[in-house]
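Take a look at the letters that make up each chain.
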Amino acid sequence: MRPVSDGALYPAIARLEAKGLVERHEEEGSAAARRLVLTLTADGRRELRRRLREPTDVDISDQTRFFALLTFLSALPDPAERARVLRRRLDFLETPASFFYDGERPVRAEEESDPYRRGMLLVARATGAAEREWLRKELGAEDE
């Protein structure tokens, strides 16, 4: 979801291998180069499900991390567990917040005189509204 340098990626893969969470092998590539393939082990699948079931607060509040979580949320077989994660995100999104504050009070787009800051707030509002709508719909489907 975010760019990762080789200097960070390969040590992370090595740590996952050392913990027995992934296995590495090579396969023929579409060109001359072989490609590295990582496969989750049984322990890796258990750890993935645990992390999906029990996301950290930053996994819920950070949009990029939450989208990474959503990418794999279907790996949780229990609809009630998936719904708990979605409810946490919805609760977070329904808490008043802003990029800018006047003391402790969030600044609303209508109060912002700077056109670029106002743009940030309007885009964030629209994105948040769309995500809340999707979450409510998905939670209704999960409840059925």
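In the block above lies the structure referred to throughout.
Residues numbered from 1 in each chain as written. Predicted model: local features only at pLDDT ≥ 70, side-chain atom pairs only at ≥ 80, totals over all residues. Heavy atoms only, no water.

(A) Broad picture of the overall build of the protein chain. Looking only at helices and strands, the protein chain features six helices and four strands. In sequence order, the protein chain lays out its α and β elements as α-β-β-α-α-α-α-β-β-α. For the protein chain, whose C-alpha radius of gyration is 20 Å, the value lies well above the compact-globule estimate of 15 Å for 144 residues. A principal-axis box enclosing the C-alpha atoms of the protein chain has dimensions of 55 × 40 × 30 Å. Burial analysis of the protein chain (144 residues in total) assigns 23% to the buried set. In the protein chain, the share of contacts with a sequence separation of at least 24, taken over all contacts with a separation of at least 6, comes to 41%. The protein chain carries 26 positive and 28 negative side-chain charges, and their two centres are separated by 1 Å. (Helix = DSSP H or I, 4+ residues; strand = E, 2+ residues; numbered from the N terminus. Rg over C-alpha atoms; globule rule 2.2 N^0.38 Å. Buried < 20%, exposed > 50% of the residue type's maximum accessible area, 1.4 Å probe, protein only. Contact = heavy atoms within 4.5 Å. Lys, Arg positive; Asp, Glu negative; His and termini not counted. Charge placed at Lys NZ, Arg CZ, Asp CG, Glu CD.)

(B) Representation of a nonpolar patch on the surface in the model. Judged by side-chain polarity, Val-4, Leu-9, Tyr-10, Leu-36 and Leu-38 come together as a nonpolar surface patch covering roughly 410 Å² of accessible area. Counting residues per element, the ones that place at least two in the nonpolar patch are helix 1 (6-18) and strand 2 (35-40). Relative to the helices and strands, Leu-36 is located in strand 2. For Leu-36, a relative accessible area of 35% gives the class partly exposed. (Patch = residues over 30% accessible without salt bridge, like charges linked within 9 Å, V, L, I, M, F, W, Y side chains within 5 Å. Areas by Shrake-Rupley, 256 points an atom, 1.4 Å probe, with all protein chains shown as cover. Salt bridge = Lys/Arg side-chain N within 4 Å of Asp/Glu carboxyl O.)

(C) Fine view of the pattern of salt bridges. For the structure shown, the criterion picks out 17 salt bridges. When the shortest N-O distance is used, the salt bridge between Glu-28 and Arg-34 registers 2.5 Å.

(D) Fine view of the packing of helix 4 (residues 63-72) against helix 5 (residues 79-93). Look at helix 4 against helix 5: their axes get within 12 Å of each other, and the N-to-C directions meet at 160°. The orientation of helix 4 relative to helix 5 falls into the category roughly antiparallel. As for how helix 4 packs across helix 5, the hand of that crossing is left-handed. Of helix 5, the residues touching helix 4 (which contributes Gln-63, Phe-66, Leu-69 and Leu-70) are Val-85, Leu-86 and Arg-89. Grouping the amino acids of the contact of helix 4 with helix 5 by side-chain chemistry returns five nonpolar, one polar and one charged. (Axes fitted to C-alpha atoms, helices over the stretch in contact; angles between N-to-C directions. Parallel < 35°, antiparallel > 145°, perpendicular 65-115°, else oblique. Left-handed = near helix turned anticlockwise from the far one by under 90°. Nonpolar A, V, L, I, M, F, W, Y, C, P; charged D, E, K, R; others polar.)

(E) Structural view of the side chain of Glu-131. Positionally, Glu-131 belongs in helix 6 (residues 115-143). Residue contacts for Glu-131: discarding those within four places in its chain leaves Gln-63, Phe-66, Phe-67, Arg-89 and Leu-93.

(F) The arrangement of the nonpolar core in detail. In terms of nonpolar packing, the biggest core is built from 13 residues, with Phe-66, Leu-69, Leu-73, Val-85, Leu-86, Leu-135 and Leu-139 touching the most fellow members. Looking at this core, the elements with two or more residues in it are helix 4, helix 5 and helix 6. Counting residues per element, this core draws most heavily on helix 5, at five residues. In contact with Leu-86, other than residues within four places in its own chain, are Phe-66, Leu-70, Leu-73, Trp-134, Leu-135, Glu-138 and Leu-139. (Core = buried A, V, L, I, M, F, W, Y, C linked by side-chain atoms within 4.5 Å.)

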